[in-house]
Structure formats: structure tokens, C-alpha cells
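The residues making up each chain are set out below.
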Amino acid sequence: MKISILGAGRWASNIAFCMDKLNYDVLMWERNEEKENPLFLTRKNKYVTLSENVNFTHDLECAVKHSNIIIISILSQALDNLMSNVKKIKGYENKHYIVAMKGVEATTGRRLSEILLDNGVKKDNIAVWVGPGHVQSIVAGQPTNMIISAYREQYAKRLTKVLTREKVIDVTYSNDIIGTEYGAAAKNVIGIAAGILEGSNMEQKKGPLMPASVKELGMFIDALGGDKDSASGLAFLGDFQATLFDHNSKNLTYGREIVKELSLDNDKIREFVIPCTVEGIKTSDALILKKNQFNARASEQQQLKMPICEAVNDIVNGRIPLETAGKYISEKITEALEMK
């Protein structure tokens, strides 16, 4: 089977590693950069080593035409720009797409599958693949479960068989693409909150943070047409160990370091922000935008509240002093737990 992967970062390299182990014919694409990606030169990065079965290209048309299944793993805020180029390629709309990334577009509040739809991809050909796991753990053979959601059930169920890597990744199916996408995106925001608590010597508060954020997101998902129980599924609660406790988590590390450094912008913090690997920052903007869009149409009784996500958004945008950030998150956890 042929697989095309659009992207060549940390998670994309993990996907290539897993597809390689399944003996698929893998072609990875990355746009031309001034400095060539070491993965393209040596078949290695700090996480994986790929076999000769994996090939590389900077030709987007070549990558799209290589396979009927296209996995996208890039920075979420760059997806619309990528798709604006993909849709110039004849027949792109008939390909089958898997969005293997987590986020919500900060400027519009669109889910990532909605960006594909708006760029002409057929609804039945879109799936999202998310769930717990860090590259380091998966490459080391530590088993995990991930989740596929799609607009068409038959497509999602087919992909669970295509993507499952025996004894390492078990892929299961959910029919709630709305809840899956929002859950996968929002967990990065909660990761920052957990880091802020950790950096503030309030690590015990991570316990209450979990049920409070599940309640908050469940109400958000329900209001936007999804299944609130998805907040308790693999995309959100199921990813908490990797996001709230594993120090491979960029969002957790960022939250902890901004409090310890008492800075949103010094050399140490820029290690995380400049590569744009802290997806929770922009996602907090997007979730608050989406909440405000909903509230503008809703009655007074239906108004959505997102105290924890709003608190993270306030902190990362400099509206709350970092000296009191942990206390602020703690207060919002209580507020979320008391929501009706």
C-alpha cells in the first residue's frame, strides 16, 4: 500500500516510522527550506531511523499523486495555506485524507477537518487521527491506543485496520469527529495549565484540573453539536498522561518554564515558542474565539463558559502576572467544577 505524508517534523517522522514498520510504500513531503531537513539527508532525526522503503520529496504534486491515502502532519495553523496549494493539483479532491494533528484555527475557530472541507475535499474522504503518545515512547515500543474519527463511518473503520501497528498502536473508531477534534486540540491548552501549576509548586492541583477540564470541555462540545462524552475519551482525557505528566510534553514544559522564568519571552522560552511546537498557545485563542462566536448567537441561558481555557489564554497573552498564574488557574478549576 502507498502512503503519502505531508510534513516532516517530529510527529510526521513517527508516522513514517510506523507506516514503514507496516511495510507500506511511504513518500514524505516537506516544502523547500534554506536548510535541508536532516531526515531527508540521512533518514534519521533525534527520534527515528527510517528504512530505504521511505522516500522524500519537495514536490507537492508528486506527493499528492503518489498515493490515494494522504496523511497530513504539520503545524495546525499552517493547514489552510497548505491546502490552498494542494487544491491546485488535479484530482486532489478525490484523495483520502487523514489529519494527524491537533488544533483549531486561531483566526477563524475552524476545526482542521472544516479547513479541508472549505478547500474542496469531499466530506466522505476526511478523517482525523489523534490520541495519546509521544514519539520517544512509540519508537521504544511502548503500546498505546489512538482514535480515528471521520464523517463516514465505513472510511474510519477501514483506517483502523490500515493504521494499527501490531502490539504498539491500537487504533479505535469514534463517530464523533466534532468531539474528537475539539478534545485533541483542547488537551494542549490543559497541558499548559498543568505546567503553570507545576511551576507554581501546586502540582497536587493537577488532580482537580482533570475532572474540571473534562466538565468544561464536555459542555463546550455538547453546545457545538458533538457528544460531550468525547471529553472522557482518548482524544482528551485519554491523552492526559502524555500531556499533563510526561515531560516530553512541550505544552507542559512551556507552562512550567514561563512561571519559573517569570517571562513569556526570554531565550529559554523561545526554545519552545519559536519552533511553534506549543500548539496550546494558538489553540487557546481559537477556543475562546469559538466560544464567543457561539455566545453571540445564544440566549442568555445558553451562554458558554470556559474558565480554565480563558485563564490559560489570559496568562499566555500577558494579561495576568506570572507571579499569580498558578493561583489564577487554581481559582478557575474551582469555577469549572461548580458549573451547571
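Residues numbered from 1 in each chain as written. Predicted model: local features only at pLDDT ≥ 70, side-chain atom pairs only at ≥ 80, totals over all residues. Heavy atoms only, no water.

Caption draft 1: Spatial organisation of the overall build of the chain. Along the chain, the regular secondary structure elements total 15 helices and 8 strands. Against the globule reference of 20 Å for 340 residues, the chain gives a C-alpha radius of gyration of 19 Å, in line with a compact fold. Seen along its three principal axes, the alpha-carbon backbone of the chain occupies a region of about 50 × 45 × 35 Å. Counting across all 340 residues of the chain, residues that qualify as buried make up 56%. Restricting to contacts in the chain with at least 6 residues of sequence separation, those with at least 24 account for 72%. Here the chain has roughly 14600 Å² of accessible surface; of this, 47% comes from carbon and sulfur atoms. Side-chain charges of the chain comprise 43 positive and 42 negative groups, with the mean position of each set lying 3 Å from the other. (Helix = DSSP H or I, 4+ residues; strand = E, 2+ residues; numbered from the N terminus. Rg over C-alpha atoms; globule rule 2.2 N^0.38 Å. Buried < 20%, exposed > 50% of the residue type's maximum accessible area, 1.4 Å probe, protein only. Contact = heavy atoms within 4.5 Å. Areas by Shrake-Rupley, 256 points an atom, 1.4 Å probe, with all protein chains shown as cover. Lys, Arg positive; Asp, Glu negative; His and termini not counted. Charge placed at Lys NZ, Arg CZ, Asp CG, Glu CD.)

Caption draft 2: Focus on the pattern of salt bridges. Per the stated rule, a full pass over the model turns up 18 salt bridges. Note that Glu-203 is salt-bridged to Lys-206, the shortest N-O span being 3.5 Å. For Glu-203, a relative accessible area of 44% gives the class partly exposed. The class of Lys-206 is buried, set by a relative accessible area of 1%. (Salt bridge = Lys/Arg side-chain N within 4 Å of Asp/Glu carboxyl O.)

Caption draft 3: Spatial organisation of the packing of aromatic side chains. Tallied over the entire structure, the rule returns 3 aromatic pairs. Centre to centre, the rings of Phe-40 and Phe-56 are 4.7 Å apart; their planes meet at 40 degrees, and the pair counts as tilted. Of this pair, Phe-40 sits in helix H2 (residues 38–42) while Phe-56 sits in strand E3 (residues 54–57), and the two are 16 residues apart along the sequence. A ring pair is formed by Phe-236 and Phe-240, whose centres lie 4.9 Å apart and whose planes are at 70 degrees; its orientation type is edge-to-face. For the pair Phe-236 and Phe-240, one class covers both residues: buried. In this arrangement the basic side chain of Arg-111 is found over the ring face of Tyr-182, its NZ or CZ atom lying 5.9 Å from the centre. (Phe/Tyr/Trp six-rings, centres within 6.5 Å; stacked < 30°, edge-to-face > 60°. Lys NZ or Arg CZ within 6 Å of the ring centre and 35° of its normal.)

Caption draft 4: View of the packing of helix H9 (residues 206–223) against helix H14 (residues 307–316). In contact at an axis separation of 8 Å, H9 and H14 are set at 105 degrees when each is read in the N-to-C sense. Taken as axis vectors, H9 and H14 run roughly perpendicular relative to one another. Only Pro-307, Ile-308 and Cys-309 of H14 make contact with H9, whose side of the interface consists of Leu-209, Ala-212, Ser-213 and Glu-216. Partitioned by chemical class, the residues of the contact of H9 with H14 number 5 nonpolar, 1 polar and 1 charged. (Axes fitted to C-alpha atoms, helices over the stretch in contact; angles between N-to-C directions. Parallel < 35°, antiparallel > 145°, perpendicular 65-115°, else oblique. Nonpolar A, V, L, I, M, F, W, Y, C, P; charged D, E, K, R; others polar.)

Caption draft 5: A look at helix H8 (residues 177–199). Helix length check: H8, at 23 residues, gives a terminal C-alpha distance of 34 Å against a target of 33 Å (1.5 Å per residue), a fit within 8%. Along H8, 23 of the 23 residues are buried, which leaves the element largely enclosed by surrounding structure. Positive phi appears at Asn-201, one or two residues downstream of H8, with a value of about 60 degrees. (Expected span 1.5 Å × (residues − 1).)

Caption draft 6: Representation of unusual backbone geometry in the model. The phi dihedral of Arg-43 falls on the positive side, at around 65 degrees, and the residue is not glycine. Mapped onto the elements of the fold, Arg-43 is located in the loop between H2 and E3. Given a relative accessible area of 17%, Arg-43 falls into the buried group. Even without glycine at this site, Leu-262 takes up a positive phi of about 50 degrees. With respect to the secondary-structure elements, Leu-262 resides in the loop between helix H11 (250–261) and helix H12 (267–273).

Caption draft 7: Seen up close, H11. Between its terminal C-alpha atoms H11 stretches 16 Å, which fits the 16 Å expected from 12 residues at 1.5 Å a residue. Taken across its 12 residues, H11 has 9 buried, putting it largely inside the fold. Listed as buried for H11 are Asn-251, Leu-252, Thr-253, Tyr-254, Gly-255, Arg-256, Glu-257, Ile-258 and Val-259. Leu-262, located one to two residues past H11, shows a positive phi value of around 50 degrees.

Caption draft 8: Region of the structure containing the pairing of strand E5 (residues 96–99). Here E5 shows two buried faces, one formed by His-96 and Ile-98 and the other by Tyr-97 and Val-99. Between the parallel pair strand E4 (residues 69–72) and E5, the chain is carried across by helix H4 (residues 79–86), and the sense of this crossover is right-handed. Judged from the 3 bridges that link them, E5 and strand E6 (residues 126–130) form a sheet pairing that is parallel. Note on E6: the bridge partner recorded for Tyr-97 is Ile-126. (Right-handed = clockwise from strand over helix to strand, strands pointing away. Pairing = 2+ DSSP bridges.)

Caption draft 9: Representation of the side chain of Ser-67. When you line up the elements, Ser-67 lands in the loop between helix H3 (60–66) and E4. Only 2.6 Å separates the side chain of Ser-67 from the backbone oxygen of Lys-2, close enough to count as a polar contact. (Polar contact = N/O pair within 3.5 Å; in protein donor to acceptor, adjacent residues only side chain to side chain.)

Caption draft 10: Broad picture of the environment of Asn-125. Along the polypeptide, Asn-125 turns up in the loop between helix H5 (112–118) and E6. Distance in space between the C-alpha atoms of Asn-125 and Ala-150 is 8.1 Å, their sequence separation being 25 residues. Excluding residues that lie within four positions of it along the chain, Asn-125 makes contacts with Glu-93, Asn-94, Lys-95, His-96, Tyr-97, Arg-152 and Tyr-155.

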